[in-house]
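Here is how the chains run, residue by residue.
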Amino acid sequence: MSDERPEKPLPELRASDADRDRVVERLRDAVAEGRLDMEEFEERLDAAYKSRTYAELEPLTRDLPAPAGGPLGGPATAAEPWTGRIGGGGSSAMAVAVMSGFQRKGRWTVPARFDAVAFWGGGELDLREADFAQREVVINCVAIMGGIEITVPPGVEVDVRGFGFMGAFDQRDTPGPSEPGAPRVVVTGFAFWGGVEIKVKKRKRPLDGPSLRKEL
């Protein structure tokens, strides 16, 4: 007689924070797409954060089209799925640092072309929480006796084409396999006695319920 216990059905398994966050991101996209109104969104958002099992999460997105990465409400199959949006106008098209610095980070929209200039200064472009104006964007960097740092999340394709003269375009990390629907970032430009560095870092946690409602 075997003493092995039967495996628990998937719906009864406990959901993780990552599972709840994936459902919240899908609900957020549904609002932007016009599939949910704010009242429905808030009801489902509260239910998502209170859910403990996959069985409680699954009904929240049952009537929504599945994203390219697959159905929601089950175990996450990718460590860092890309959850940004594509479309719309860019937040800004240029950043310049002359003996100073600039930053673009948090929630912002990367335009089709973004020009970054650092002269005796430094700049930081963080794309981990960014949306993109179109599927492929170009970031043109000019670093003269200065430096520019670009941070992308795993799953976003990066194509580095810049030229360095007594300077460098340095991509130390690889973003890994491109996620379905993720954008492509082309980094071009010129570095003279300066450098452009591309880093890959995990995204921060998605916005919590109150912050998400405030942003929307």
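See the structure shown above.
Residues numbered from 1 in each chain as written. Predicted model: local features only at pLDDT ≥ 70, side-chain atom pairs only at ≥ 80, totals over all residues. Heavy atoms only, no water.

Moving on, we get to the overall build of the protein. Helix and strand counts for the protein come out as four helices and 13 strands. Counting only residues that meet the buried cut, the protein has 40% of its 216 residues in that class. Considering only intrachain contacts with a sequence separation of at least 6, the fraction spanning at least 24 residues in the protein is 68%. (Helix = DSSP H or I, 4+ residues; strand = E, 2+ residues; numbered from the N terminus. Buried < 20%, exposed > 50% of the residue type's maximum accessible area, 1.4 Å probe, protein only. Contact = heavy atoms within 4.5 Å.)

Structurally, glycine 167 can be placed in the loop between strand E10 (163-165) and strand E11 (168-171). The class for glycine 167 is partly exposed, based on a relative accessible area of 26%. Apart from residues no more than four positions distant in its own chain, glycine 167 is found in contact with Ala191, Trp193 and Gly194.

Here we take up unusual backbone geometry. Even without being a glycine, methionine 99 presents a positive backbone phi close to 50°. Within the fold, methionine 99 resides in the loop between strand E1 (94-98) and strand E2 (101-104). The exposure class of methionine 99 is exposed, given its relative accessible area of 57%. Although it is not a glycine, methionine 145 adopts a positive phi angle of roughly 50°. Tracing the chain through its elements places methionine 145 in the loop between strand E7 (136-144) and strand E8 (147-152). A relative accessible area of 30% means that methionine 145 is categorised as partly exposed.

Time to look at the sheet that holds E2. Pairing in this open sheet of five strands is parallel, and the strands run E2-E5-E8-E13-E11 from one edge to the other. Since the sheet does not close on itself, it has two edges, and those belong to E2 and E11, each with one partner. Neighbouring strand axes in the sheet, compared pairwise and without regard to direction, differ in orientation by 10° on average. (Pairing = 2+ DSSP bridges. Axes fitted to C-alpha atoms, helices over the stretch in contact; angles between N-to-C directions.)

Turning our eyes to something else, we now look at the packing of helix H1 (residues 17-32) against helix H2 (residues 38-50). Two numbers describe how H1 lies on H2: the axes approach to 10 Å, and their chain directions differ by 175°. As summarised for this structure, H1 and H2 are arranged roughly antiparallel, according to the angle between their axes. Contacts between H1 and H2 involve Arg20, Asp21, Val23, Val24, Leu27, Arg28 and Val31 from the former and Met38, Phe41, Arg44, Leu45, Ala48 and Tyr49 from the latter. (Parallel < 35°, antiparallel > 145°, perpendicular 65-115°, else oblique.)

Let us look at a nonpolar patch on the surface. A contiguous nonpolar patch, built from Met94, Val96, Val98, Met99, Phe119, Trp120, Met145, Phe163, Phe165, Met166, Phe190 and Trp193 and spanning about 1,200 Å² of accessible area, is present on the exposed surface. Looking at the nonpolar patch, the elements with two or more residues in it are E1 and E10. With three residues, E1 is the largest single contributor of residues to the nonpolar patch. Tracing the chain through its elements places methionine 94 in strand E1. Residue classification places methionine 94 among the partly exposed residues on the basis of a relative accessible area of 47%. (Patch = residues over 30% accessible without salt bridge, like charges linked within 9 Å, V, L, I, M, F, W, Y side chains within 5 Å. Areas by Shrake-Rupley, 256 points an atom, 1.4 Å probe, with all protein chains shown as cover. Salt bridge = Lys/Arg side-chain N within 4 Å of Asp/Glu carboxyl O.)

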